[in-house]
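Below, each chain spelled out in residue letters.
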Amino acid sequence: MKNKRKKKGHVKGIFPLLIFLILYMFTGFVSGDFESMPLMIGIVIAITVALFMNNKEDKKSLNEKIGIFTKGAGNEGLMLLVIIFMLAGAFYATASTVGSVDSISNFGLSILPESMILPGLFIVTSILSFSMGTSMGTIPALIPIAIDIAQKTDTNIALLAGIVVGGAMFGDNLSFIADTTIAATRTQEVSMKEKFKANILFVLPAILMNLFLLALQPIQTAGLETGSYPYELIEILPYLLVIILSVAGLNVLAVFALGILSGLMIGLFNGTLTLISFMGTIHQGMMEMQEMAIIALFVGGLVALMEWLGGIDWLLHNLTKRTKTKRGAEFSIAALVSLMDIATTNNSISILTAGPLARDIADEFGISRARTATILDTFAAGFNGLLPYAGQLLVAGGLAGVSPVNIMLYNWYSMLMIVFGLLAILFQFPKSMKRKIKRTKIQ
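Rules behind the numbers
- Residues numbered from 1 in each chain as written.
- Predicted model: local features only at pLDDT ≥ 70, side-chain atom pairs only at ≥ 80, totals over all residues.
- Heavy atoms only, no water.
- Helix = DSSP H or I, 4+ residues; strand = E, 2+ residues; numbered from the N terminus.
- Buried < 20%, exposed > 50% of the residue type's maximum accessible area, 1.4 Å probe, protein only.
- Contact = heavy atoms within 4.5 Å.
- Areas by Shrake-Rupley, 256 points an atom, 1.4 Å probe, with all protein chains shown as cover.
- Polar contact = N/O pair within 3.5 Å; in protein donor to acceptor, adjacent residues only side chain to side chain.
- Expected span 1.5 Å × (residues − 1).
- Patch = residues over 30% accessible without salt bridge, like charges linked within 9 Å, V, L, I, M, F, W, Y side chains within 5 Å.
- Salt bridge = Lys/Arg side-chain N within 4 Å of Asp/Glu carboxyl O.
- Lys, Arg positive; Asp, Glu negative; His and termini not counted.
- Charge placed at Lys NZ, Arg CZ, Asp CG, Glu CD.
- Core = buried A, V, L, I, M, F, W, Y, C linked by side-chain atoms within 4.5 Å.
- Phe/Tyr/Trp six-rings, centres within 6.5 Å; stacked < 30°, edge-to-face > 60°.
- Arc of directions from axis to C-beta.

Visitor: Help me understand the overall build of the chain, please; the structure alone is not making it clear to me.
Guide: Helix and strand content of the chain: 22 helices and 0 strands. In the chain, which comprises 443 residues, the share counted as buried stands at 56%. Sequence-distant contacts in the chain: of pairs separated by 6 or more residues, those separated by 24 or more amount to 80%. Element-wise, carbon and sulfur atoms account for 66% of the exposed surface of the chain, whose accessible area totals about 18,800 Å².

Visitor: What is the right way to look at the environment of Phe176 in this model?
Guide: The topology assignment puts Phe176 in the loop between helix 8 (157-174) and helix 9 (179-188). Relative accessible area serves as the criterion here: at 36%, Phe176 is assigned to the partly exposed category. As for Phe176 and Lys193, which are separated by 17 residues in sequence, their C-alpha atoms are 8.3 Å apart. Look past the residues within four positions of Phe176 in its chain and what remains in contact with it is Phe130, Thr181, Met192, Lys193 and Phe196.

Visitor: What exactly am I supposed to notice about the side chain of Thr187 here?
Guide: Turning to its location among the elements, Thr187 is positioned in helix 9. Of note is the side chain of Thr187, whose polar atom sits 3.2 Å from the side chain of Gln188.

Visitor: Help me understand the environment of Arg327, please; the structure alone is not making it clear to me.
Guide: In this structure, Arg327 sits in helix 17 (residues 326-344). The class for Arg327 is partly exposed, based on a relative accessible area of 36%. Separated by 99 residues in sequence, Arg327 and Leu426 have C-alpha atoms that sit 6.7 Å apart. Residues contacting Arg327, with those up to four places away along its chain left out, are Ile425, Leu426 and Gln428. A polar contact is formed between the side chain of Arg327 and the backbone oxygen of Leu426, at a distance of 2.7 Å.

Visitor: Help me out: how do you make sense of unusual backbone geometry in this one?
Guide: Across residues other than glycine, the phi torsion is negative in most instances, and most of the peptide bonds are trans. Geometrically, the link from Phe429 to Pro430 is a cis peptide bond, its omega value of -10° lying close to zero. Within the secondary structure layout, Pro430 lies in the segment after helix 22 (412-426). With a phi close to 55°, Glu189 is a non-glycine residue in the positive phi region. Among the structural elements, Glu189 can be located in the loop between helix 9 and helix 10 (192-216). Notably, Gln428 is not glycine yet its phi reads approximately 50°, a positive angle. By secondary structure assignment, the location of Gln428 is in the segment after helix 22.

Visitor: Which parts of the structure should I look at to understand helix 17?
Guide: Since there are 3.6 residues in each turn of an α-helix, residues three or four apart along the chain are aligned in direction. Look at helix 17: 27 Å from first C-alpha to last across 19 residues, which is about the 27 Å you get at 1.5 Å a residue. Among all positions of helix 17, only Ala329, Glu330, Ser332, Ile333, Ala334, Leu336, Val337, Ser338, Met340, Asp341, Ala343 and Thr344 are buried. Positive phi appears at Thr345, one or two residues downstream of helix 17, with a value of about 60°.

Visitor: Explain a positive patch on the surface to me, please; I cannot follow it from the model alone.
Guide: A contiguous patch of positive charge, built from Lys8, Lys321, Arg322 and Lys324, is present on the exposed surface. Following the sequence through the fold, Lys324 ends up in the loop between helix 16 (311-320) and helix 17. Look at Lys324 and you get exposed, because its relative accessible area is 74%.

Visitor: Hey, could you run me through the nonpolar core in this one?
Guide: Across soluble globular proteins, nonpolar side chains have a tendency to be buried as a group. Phe20, Phe85 and Tyr239 are the most contacted members of the largest nonpolar core, which has 133 residues in total. The contact partners of Tyr239, leaving out residues within four places of it in the chain, are Phe91, Ala95, Ser100, Val101, Ile104, Ala141, Leu142 and Ile145.

Visitor: Got a minute to help me understand the packing of aromatic side chains in this structure?
Guide: For any pair of aromatic rings, the description rests on two quantities: the centre-to-centre distance and the angle between the ring planes. In total, this model carries 6 aromatic pairs according to the counting rule given. On the numbers, 6.3 Å between centres and 50° between planes, the contact of Phe170 with Tyr413 is tilted. With Phe170 in helix 8 and Tyr413 in helix 22, this residue pair connects regions lying 243 residues apart in the sequence. Overall, Tyr413 belongs to the buried group, its relative accessible area being 1%. An aromatic cluster is present here, built from Phe122, Phe170 and Tyr413 joined pairwise through their rings.

Visitor: How should the side chain of Ser414 be read in this particular structure?
Guide: Examined against the element boundaries, Ser414 turns out to sit in helix 22. Its relative accessible area of 0% is what places Ser414 among the buried residues. Sequence-distant contacts of Ser414, defined by excluding residues within four places in its chain, comprise Met169, Ala381, Gly382, Gly385 and Leu386.

Visitor: Could you clarify how one ought to interpret helix 14 (residues 275-287) in this entry?
Guide: Over its 13 residues, helix 14 runs 19 Å from end to end, which matches the ideal 18 Å to within 8%, given 1.5 Å per residue. Inspection of helix 14 places Phe278, Thr281, Ile282 and Gly285 among the buried residues, and these make up the whole buried set. Viewed end-on, helix 14 has its buried residues packed into an arc of 90°, placing them on one side of the element. Buried residues along helix 14 sit against helix 4 (76-98) and helix 13 (252-270).

This is the structure:
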């Protein structure tokens, strides 16, 4: 291909990530507990290895390598993620204190038939994530509700958390305001409307299959049959406000801030909060998210070191050098963005990194830009929901008090996204997405 990226990179550039994955998985399998090695320790070991490595074409001192790490960790997107973490922690702590979590879960249990409790949780999560445009905002907002439902139905909390993570990835993949959608459409020069129409057809089988499987999943309903679940509509206001403001397109930080303030007003009204206790509540919520925030920064620094070592370029080069057919090209694009996501734990960054090369591949093999954007977004979102060291499962695991790996096993929707995505490429489905569209090259 004429526009193929020239840098071949170095395989050693992915060694730090491989060492982390091997250590983490090996320790988990040997001990039988994937929490036996804290994620932060595994990442610190990988960072240490990267700092002792060097690039033959661009050798640097230890101080310079530390500078690369700190610059990567201080990336604008990562710092914004840290702020989202903190505000999300404050929101769910406030919502829990004023009774919002209990009321909204009781409301759902009161109106949903027994067979729809689990599918209903997925639908609610999907609506919220589509409205907010961020899985990282959706998960901490709804995991407390999943915990409450799990306790009242005596259901495996990992299952409930997996449903929430899956619904959150639904929005990451399809929302008009998601940064992944923006990244996919911008790199492929296609409108959001075109991408959405292609994308919803691409993942519709996964959505329907997930709902069907959840409806068949048995849950303990002794409490539901005899229990009474009172709720106060006013206490649902913080969550309702978050949905409405998100649909209106308000910035996610402003959405959480207003959600927190609405929780304060309700708390003052029903006597569950005072101004003094409110400060303690939001502080506690933020502190519960601090480990996740630090891990996110460490991963950002590690990715920067891997890029300097040539690992990212090596992945890009080797995934595309033998592509010969349209179907093979689509598989290459899927593999490219998937491995980038596994390496970076960030679906937006993986799309932005793989996007330009994917655009060249699409032009070479006559693949529509809407389909290319769909492949990028679907596989990035699918794998991001299944990485136990990525933000989504870290947050869900931290809030639910279970291993991210256990939650991963119950995130059926992300698995189905990948499975049906591969089938769509294999059988070139849907046919309407194969149409070649007119496009203009980016200079």
